[in-house]
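# Report on the structure
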Amino acid sequence: ILMDNLDAKVACFVVFSLCYIVILSGNLFILLTIRGSRLREQPMYFFLSYLSFMDVCFTSTVAPRLITDLLVEQKTISYDSCMAQMFYAHFFGATEMFILVAMAYDRYAAICRPLHYMVIMNRQVCYVLLMASILGAFLHSILQVLIIIELPFCGPNQIDHYLCDIFPLLKLACTDTSLLVIVVITTTGMISVVTFVALVISYIIILSTLRTRSSQSCRKALSTCSSHITVVFLFFLPLIFTYVPTADSVSNDKVFALFYTMFAPMFNPFIYTLRNTDMKNAMRKMWCRDTRLEGK
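Residues numbered from 1 in each chain as written. Predicted model: local features only at pLDDT ≥ 70, side-chain atom pairs only at ≥ 80, totals over all residues. Heavy atoms only, no water.

With 88 residues, the main nonpolar core has Leu169 and Leu170 as its most contacted residues. It is helix α4 (residues 79-112) that provides the largest number of residues to this core, a total of 17 residues. Once you skip the residues sitting within four places of it in the chain, Leu169 turns out to touch Cys82, Met83, Met86, Ile148, Phe153, Ile159 and Cys164. (Core = buried A, V, L, I, M, F, W, Y, C linked by side-chain atoms within 4.5 Å. Buried < 20%, exposed > 50% of the residue type's maximum accessible area, 1.4 Å probe, protein only. Helix = DSSP H or I, 4+ residues; strand = E, 2+ residues; numbered from the N terminus. Contact = heavy atoms within 4.5 Å.)

Within this structure, the stated rule accounts for 15 aromatic pairs. With a centroid separation of 5.9 Å and an interplanar angle of 80°, the aromatic rings of Phe87 and Phe138 are classed as edge-to-face. With Phe87 in helix α4 and Phe138 in helix α6 (residues 123-149), the pair connects residues that are 51 residues apart, well separated along the chain. According to the relative accessible area criterion, Phe87 is buried, its value standing at 14%. Aromatic pair Phe235 and Phe236: ring centres 5.5 Å apart, planes at 85°, arrangement edge-to-face. (Phe/Tyr/Trp six-rings, centres within 6.5 Å; stacked < 30°, edge-to-face > 60°.)

This part takes up the confidence of the model for the protein. Across the protein, the average pLDDT comes to 86, with 91% of residues at 70 or higher. Every residue in residues 246-250 is under pLDDT 50, and counting partners more than four places away or in other chains gives nine contacts. (pLDDT = per-residue confidence, 0-100.)

What follows concerns the state of the cysteines. In this structure the tally under the stated criterion is two disulfides. Disulfide pairing is shown between Cys82 and Cys164; the S-S distance is 2.1 Å. Measuring handedness by torsion sign, the sulfur bridge of Cys82 and Cys164 sits at about -120° and is left-handed. Placement of the pair is Cys82 in helix α4 and Cys164 in the loop between α6 and α7 (166-172), with a sequence separation of 82 residues. Exposure class is identical for Cys82 and Cys164. Each is buried. Assigning the bonded cysteines of the protein consecutive numbers by sequence position, one obtains the connectivity 1-3, 2-4. Considering cysteine sulfurs only, Cys19 is the nearest to Cys12, which forms no disulfide, with 9.9 Å between them. (Disulfide = S-S within 2.5 Å.)

Okay, structure coming up:
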């Protein structure tokens with residue numbers, strides 16, 4: 001439940017629907033552009049295409065139900081559907097988080113080890129990093145589900161959130177969950193914090209290396225890194241505020257969750273294209289060529 005006022009619900013319905021349309025069209029546009037151009041041969045765009053795909057999947061686990069629930073009186077979800085939503089939200093979200101780590105490693109190799117870049121980031125390594133991201137996300141997600149399915153639920157059944165997540169569900173359990181809250185903060189929360197700190201440190205090293213480069217190459221690399229850094233901050237800061245505090249801050253968690261489930265995926269396509277010359281050139285060649293062919 002986000003609000004009780006009908007006018008506010010209608011306004012949110014329109015805003016979130018538009019956000020979801022932008023997320024789908026923007027990320028699929030990037031995905032198709034990369035897959036249909038030679039950018040797919042470059043490791044950075046290999047990961048970016050999967051990041052866009054994960055954005056679409058991640059938001060699609062949450063947005064449709066959030067949008068429809070704004071205009072219906074009876075907001076219900078079955079136990080199995082709730083578990084499925086929690087699993088897929090954590091799976092796609094964690095995969096996205098690990099792909100951002102792989103992208104940071106790619107930028108480190110490209111800028112700090114340029115002579116060995118094609119050896120370090122060959123296609124086999126890219127697939128290994130991608131599969132490791134998926135496997136890590138699966139283990140993380142299945143752990144969240146295993147924590148919940150072992151709990152007894154015998155009292156209130158109203159979830160104080162717009163999605164099935166672990167903290168709101170822990171509050172409904174008919175047993176003391178204080179130890180489990182610590183486990184969640186230690187796993188999900190600390191993984192988010194440690195990953196965020198590691199990414200920030202890696203980009204500091206990358207930016208310090210750029211100071212020794214020529215102005216032209218430095219400008220292009222800095223533009224690419226600034227896009228990555230912006231996405232990292234947009235995704236991780238709300239995530240940390242959600243999972244590091246205690247379960248008593250659920251009311252604020254709903255606001256923070258909107259940032260990493262709706263707003264960050266919406267801004268990602270703009271962040272990765274507006275200052276990226278390679279992406280803009282690939283879009284121009286691919287989509288303008290298709291338009292000319294249709295015109296003929």
